[in-house]
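What follows is the residue order along each chain.
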Amino acid sequence: MNIWLVEIWRAWRAMLRRPGFLLLASGVLALGIGASVAVATLIDQVLLQPLPLPDASRVIVVGPVFDGQRVESPLQYQHLMPLKGVESTGATLFSRPNVNITGGSRPTVVSAAYIDRGMLPTLGLHPLLGRNFTAQEDAPHGPHAVMLGYGFWQRRYGGSPQVVGQTLDVEGVGYTIVGVLPESFDSLSFSGDVALPLALPPQDTVDGLNDIALVRLAAGARPQAVAAAMDAHLHAMYAALGSRYVENWKGVRFGAQPIAAWQHANAHATLMLFMACALFVLLTALVNLVNLMLLRALSRSHDSAVRDALGASRLRLVLPALAEGLLVGAIGALAGMMLAWTGLHGLQGAVSADWLPGAGIRMPVWIGLAAAAVAMVVAVSAAAFGVWRSQATMAGEALREGGRSGLDPRGGRLGRVLVVAQMLLATVLLCGSGLLLHGLYKASATPLGFSSANMLAFDLAPVRADYPDAPSVNALAEKLVRRLEAIPGVTVATVATNLPTGSGHAFNTNVFRVGGERVDMDYFGVGPEYFGLFDIAVLRGRAFTRDDVRGGEQVAIVNRTLAKRMYGGHALGELIREDDGRSARIVGIAADTRQSGPLQPAPGIVYVPLAQIPNDDLDFIRYFMPMRVVLRGHGDPGQWRVAVRAAVAQVAPDQPISGFRSMERIVRSTMADTHRTLLLVGVFAALALLLAMAGMYAVMAVAVAAREREFGVRTALGAVPARLMWQVLRNGIAQIAVGLVVGIAIVLGMSRLLAQLLVSLAGRGNTFDPVALGGACVVLAVAGLLACLLPALRASRVAPMRALRGE
């Protein structure tokens with residue numbers, strides 16, 4: 001045992017005395033381990049952490065999938081409970097609208113979760129204080145009851161247990177506080193500051209997809225079986241209702257999804273992309289490490305041959321290399337985890353708060369242990385592989401040549417194959433990343449179709465008790481606009497149901513009939529100043545004026561996308577009809593705006609004057625989202641906040657407002673997903689490029705060192721330095737070319753998979769992008785040539801006498 005420890009210590013001491021190889025090998029391993037650990041930590045935190053619910057695996061979200069979301073209609077929801085395998089059901093409104101908390105000295109705006117009385121039992125939760133809603137409270141026009149979210153209870157009431165039974169004014173109406181929700185409820189994506197009864201009517205016939213339906217499975221029930229039963233049952237129900245329903249739901253499949261997967265469904269595709277990139281980086285690092293260890297073992301073959309001739313045992317011959325592998329693995333694992341930790345902290349401001357919450361980054365122990373195990377096993381295996389290959393060289397030949405013969409043909413061929421392999425992996429990763437980066441860059445450079453400079457926006461949800469209908473809301477909007485425009489520095493203000501981007505539009509839709517076809521279109525109520533304030537061009541016709549009032553001719557403006565799609569570009573003067581028969585004359589065609597950001601195409605939009613919006617349409621919009629108020633002027637918009645609050649208090653003393661932010665900040669938020677993906681994919685591409693350069697440099701440097709005697713002989717015989725340099729470069733270029741060609745072929749062979757990925761993440765599906773593919777190849781070729789350049793220069797400067805003496 002002492003002999004083994006001595007061998008290990010000698011090997012480590014030799015590496016530490018000349019740490020170049022140790023730093024290179026452990027650094028290469030650290031890059032691969034660090035990338036993998038960082039992404040694994042994100043995946044664990046976002047996708048794998050169990051929700052704080054009892055038997056969370058039995059809770060599923062059911063319904064059809066539309067726009068990546070699983071939502072249901074009230075009509076569908078009421079048919080779930082009779083299904084076999086369903087223990088309980090719960091429903092909540094898809095959005096979390098803001099509501100006004102009035103009365104007292106602190107009127108404020110909070111988010112509300114509308115849930116039915118079955119939600120808490122389905123989640124397996126109980127109120128922390130008080131009770132759940134009763135059947136009477138969860139019925140239309142039932143007693144007014146509210147439950148407080150845990151965070152809101154702590155902030156407003158200081159966690160007082162006497163809060164149950166008190167009255168909270170919601171939208172100017174007194175609601176009895178019947179309970180406080182547990183802290184675990186706040187972790188769900190549909191939670192809110194307060195919970196209000198969903199109050200779905202019995203035998204509801206509404207078929208709009210506005211709700212999220214949850215099911216708690218009975219013991220032993222399988223989600224797939226419940227989903228299949230639901231799909232058959234709902235299609236049979238629609239068949240009984242008539243052909244119109246059958247046509248609407250033809251080809252739609254109703255399915256189920258575990259609540260944990262549903263909670264972070266939007267992040268799943270992006271995280272899987274990052275995991276694939278990290279695995280490619282890790283694989284490139286592993287190939288690189290194997291190459292380095294092989295070259296290390298081959299370079300010391302003479303020493304091994306001498307020790308073998310002197311009678312050293314097989315174990316003592318192998319032990320130094322294994323000891324080096326252990327040291328490389330230990331340092332690589334530790335450095336990799338440090339890189340991952342540093343990288344996650346550095347990216348904390350650039351990634352979603354759902355991925356890296358402010359509470360801090362938690363790297364699970366299992367990820368650290370797995371990373372250490374992978375690093376050690378890979379490093380030791382690479383060292384063992386290098387020893388095995390080096391021993392294929394005949395010991396007698398190594399002794400005769402005195403260690404000056406360089407690499408044997410098989411070792412040289414294997415080294416070249418490994419270089420080609422790592423260039424291939426780097427090519428696949430860089431070409432795939434290049435396609436995605438170029439698509440994301442082009443998308444991020446796409447104009448959103450409006451101006452955002454020098455603007456301040458805030459949310460206004462008119463208190464329902466004070467402003468119950470559209471005329472009263474419009475009167476408030478007119479008075480508020482006049483008062484806001486009197487603020488020094490403000491030149492124009494407007495009130496609308498939607499901003500051009502960043503305010504959500506999933507529920508600002510309406511059904512219109514165009515040529516007998518029913519079409520869902522985005523539906524915005526805007527003030528007459530809206531188009532001028534945002535610099536949205538009216539391409540044909542006119543913008544709204546203050547003469548477009550209730551009682552006058554119903555008018556509308558459509559955007560260019562809708563005009564082209566539904567009217568062949570000739571929409572001016574046409575009537576656009578809502579599904580209920582109401583109509584408006586199209587008086588203008590506006591330029592397109594990208595409501596959902598640059599990755600999504602411009603939707604079809606119908607604009608109507610806020611003064612003319614029907615009462616039921618406005619009431620529906622107010623149920624889901626607040627009104628938006630925007631000011632534009634000179635100077636810093638942030639300086640207007642105090643004056644804005646004073647102006648609102650003067651016009652409507654009991655009206656809370658919220659959500660102050662500049663339009664430029666809203667635009668940055670809209671672009672955040674694009675920029676985040678650009679950043680992280682770029683990081684992985686840079687790591688792959690760095691590893692490819694390190695691997696190419698290491699192989700060429702060792703190869704040149706091993707052939708130093710040959711280059712010295714050639715120089716002594718009259719070979720010019722430029723010829724020797726070109727010979728080394730030519731070998732490197734050949735390996736680079738083979739890796740590039742095979743890598744490009746693989747990328748083109750994966751065109752269908754890449755196309756789907758590009759559509760989901762970059763809004764485009766073209767995999768044949770000469771700029772991206774050519775750019776990736778040029779970058780790799782230049783990087784490879786730079787990596788070969790220094791070894792080539794060394795080959796051209798070999799001193800003949802020194803090489804011939806074997807120094």
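None of these values were measured; they are calculated from a predicted model.

*Asks:* Describe the overall build of the protein, listing the residues and the values that go with them.
*Replies:* Counting its secondary structure elements, the protein contains 26 helices and 23 strands. In the protein, which comprises 807 residues, the proportion classed as buried is 51%.

*Asks:* How would you sum up a positive patch on the surface? Please name residues and give values.
*Replies:* Taken together, R641, R645, R665 and R668 make up a surface patch of like positive charges. Of all elements in the fold, only α19 (641–651) and α20 (663–670) reach the threshold of two or more residues within the positive patch. Checked against the element boundaries, R665 lands in helix α20.

*Asks:* Give a description of the nonpolar core that names residues and reports values.
*Replies:* L29, L271, F274, L289, V328, F684 and L780 are the most contacted members of the largest nonpolar core, which has 84 residues in total. Take this core: its biggest share by element is 16 residues, from helix α2 (residues 20–48). The residues touching L29, leaving out its near neighbours within four places in the chain, are L286, L289, V328, G329, G332, A375 and A379. With 48 residues, the next largest nonpolar core counts Y523, V558, A584 and V644 among its residues.

*Asks:* So what about the pattern of salt bridges? Which residues, and what values?
*Replies:* Under the criterion given, the structure shown has 13 salt bridges. For the salt bridge of R58 with D55, the shortest nitrogen-to-oxygen distance reads 3.6 Å.

*Asks:* Break down unusual backbone geometry for me, with residues and values.
*Replies:* Backbone geometry places D55, a non-glycine residue, at a positive phi of 50°. On the secondary structure map, D55 appears in the loop between α2 and β1 (59–66). Of note in the backbone geometry, H141 takes a positive phi value of approximately 60° without being a glycine. Mapped onto the elements, H141 comes out in the loop between β6 (129–130) and β7 (145–148).

*Asks:* How would you sum up the packing of helix α15 (residues 470–484) against α19? Please name residues and give values.
*Replies:* Interaxial distance between α15 and α19 falls to 10 Å at its minimum, and their mutual angle equals 140°. Judged by the inter-axis angle, α15 sits oblique to α19. Relative to α19, α15 is oriented so that their crossing is right-handed. Across the interface between the two elements, L476, K479, L480, R483 and L484 from α15 touch V644, A647, V648, Q650 and V651 from α19. In terms of residue class, the contact of α15 with α19 is made up of seven nonpolar, one polar and two charged.

*Asks:* Let's hear about the packing of helix α23 (residues 721–749) against helix α25 (residues 770–796): which residues, and what values?
*Replies:* Put simply, α23 and α25 touch, their axes get as near as 8 Å, and they point 155° apart. Taken as axis vectors, α23 and α25 run roughly antiparallel relative to one another. The handedness of the crossing between α23 and α25 comes out as right-handed. The residue makeup of the contact of α23 with α25, split by class, is 22 nonpolar, three polar and no charged.

*Asks:* Requested: an account of the environment of P637, with residues and values cited.
*Replies:* When you line up the elements, P637 lands in the loop between β22 (627–633) and α19. Separated by 147 residues in sequence, P637 and V490 place their C-alpha atoms 8.8 Å apart. Setting aside anything within four residues of it in sequence, one finds P637 in contact with N454, M455 and L456.

*Asks:* Which residues make up α25, and what values do they have?
*Replies:* Taking 1.5 Å of rise per residue, 27 residues should cover 39 Å, and α25 covers 37 Å from first to last C-alpha, within 8% of that figure. The largest bend along α25 reaches roughly 30° and is located at L789, with the proline P791 sitting one to four residues downstream.

*Asks:* Which residues make up the packing of aromatic side chains, and what values go with them?
*Replies:* Evaluation of the coordinates by the stated rule reveals 15 aromatic pairs. Between Y238 and W249, the aromatic rings sit 5.3 Å apart at their centres with planes inclined by 15°, giving stacked as the arrangement. Linking Y238 in helix α6 (residues 223–241) with W249 in the loop between α7 (243–248) and β12 (254–258), this pair joins segments that are eleven residues apart in sequence. A single burial state applies to Y238 and to W249, both of which are buried. Ring plane angle 75° and centroid distance 5.0 Å describe the contact between F531 and Y607, whose orientation is recorded as edge-to-face. Highlighted residues: F531 in helix α16 (residues 530–533) and Y607 in strand β21 (residues 605–609), separated in sequence by 76 residues. Feature note: the residues F450, F524, Y530, F531, F534, F544 and Y607 constitute an aromatic cluster, connected by ring pairs.

*Asks:* Got a sec to walk through the side chain of T561? Specific residues and values, please.
*Replies:* Note that T561 resides in helix α17 (residues 560–567). Given the relative accessible area of 18%, T561 is considered buried. Those residues in contact with T561, other than ones at most four positions away along the chain, are D592, A602, P603 and G604.

*Asks:* Tell me about the environment of A470, and name the residues and values.
*Replies:* Relative to the assigned elements, A470 resides in helix α15. For the pair A470 and R550, spaced 80 residues apart in the sequence, the C-alpha separation amounts to 9.8 Å. If we ignore the near neighbours within four places in the chain, the residues touching A470 are R550, I613, N615 and L618.

*Asks:* Could you give me a rundown of α2, with the residues and numbers involved?
*Replies:* One turn of an α-helix holds 3.6 residues; hence residues three or four places apart share an orientation. Between its terminal C-alpha atoms α2 stretches 40 Å, which fits the 42 Å expected from 29 residues at 1.5 Å a residue. Across the 29 residues of α2, 24 count as buried, placing the element largely inside the fold.

*Asks:* Tell me what's going on with a nonpolar patch on the surface, and back it up with residues and numbers.
*Replies:* Together, V738, V741, V742 and I746 line one region of the surface with nonpolar side chains, adding up to about 290 Å² of accessible area. Within the secondary structure layout, I746 lies in helix α23.

*Asks:* Can you tell me about the pairing of strand β9 (residues 173–180), naming the residues and giving the values?
*Replies:* With two bridges connecting them, β6 and β9 associate as antiparallel partners. Paired with G130 across the bridge in β9 is G179. Examined bridge by bridge, β7 and β9 share four bridges and lie parallel to one another. Bridging from a neighbouring strand, M147 pairs with G179 of β9. Where strand β8 (residues 167–170) and β9 come together, four bridges link them in antiparallel fashion. The residue bridging V170 from the neighbouring strand is V173, located in β9. Taking the residues that link successive antiparallel strands as the turn, the β8-β9 hairpin has two residues, and the phi of E171 there is positive, at about 55°.

*Asks:* I'd like a description of the confidence of the model for the protein, backed by residues and values.
*Replies:* Of the residues in the protein, 82% reach a pLDDT of 70 or more, and the chain-wide mean stands at 80. Averaged over each element, pLDDT in the protein is lowest for helix α13 (residues 395–401) (46) and highest for β7 (96). Confidence drops under a pLDDT of 50 for residues 393–407, and excluding neighbours within four residues, the segment shows 26 contacts in the predicted structure.

*Asks:* An account of the side chain of S658 is requested, with residue identities and associated values reported.
*Replies:* Topologically, S658 is positioned in strand β23 (residues 658–662). Apart from the residues lying within four places of it in its own chain, the contact partners of S658 are N98, V109, F458 and D459.

*Asks:* How would you explain the environment of A556 if you had to name every residue and give the values?
*Replies:* Mapped onto the elements of the fold, A556 is located in strand β18 (residues 555–559). On the accessibility criterion, A556 (0% relative accessible area) is buried. In this structure, the C-alpha to C-alpha distance between A556 and V587, residues 31 residues apart in sequence, is 6.0 Å. Leaving out residues up to four positions away in the same chain, A556 has contacts with F544, I576, A584, R585, I586, V587, G588, V606, Y607 and V608.

Reading the values: the criteria
Residues numbered from 1 in each chain as written. Predicted model: local features only at pLDDT ≥ 70, side-chain atom pairs only at ≥ 80, totals over all residues. Heavy atoms only, no water. Helix = DSSP H or I, 4+ residues; strand = E, 2+ residues; numbered from the N terminus. Buried < 20%, exposed > 50% of the residue type's maximum accessible area, 1.4 Å probe, protein only. Patch = residues over 30% accessible without salt bridge, like charges linked within 9 Å, V, L, I, M, F, W, Y side chains within 5 Å. Areas by Shrake-Rupley, 256 points an atom, 1.4 Å probe, with all protein chains shown as cover. Salt bridge = Lys/Arg side-chain N within 4 Å of Asp/Glu carboxyl O. Lys, Arg positive; Asp, Glu negative; His and termini not counted. Charge placed at Lys NZ, Arg CZ, Asp CG, Glu CD. Core = buried A, V, L, I, M, F, W, Y, C linked by side-chain atoms within 4.5 Å. Contact = heavy atoms within 4.5 Å. Axes fitted to C-alpha atoms, helices over the stretch in contact; angles between N-to-C directions. Parallel < 35°, antiparallel > 145°, perpendicular 65-115°, else oblique. Left-handed = near helix turned anticlockwise from the far one by under 90°. Nonpolar A, V, L, I, M, F, W, Y, C, P; charged D, E, K, R; others polar. Expected span 1.5 Å × (residues − 1). Bend = angle between axes of the 7 residues up to and from the residue. Phe/Tyr/Trp six-rings, centres within 6.5 Å; stacked < 30°, edge-to-face > 60°. Pairing = 2+ DSSP bridges. pLDDT = per-residue confidence, 0-100.

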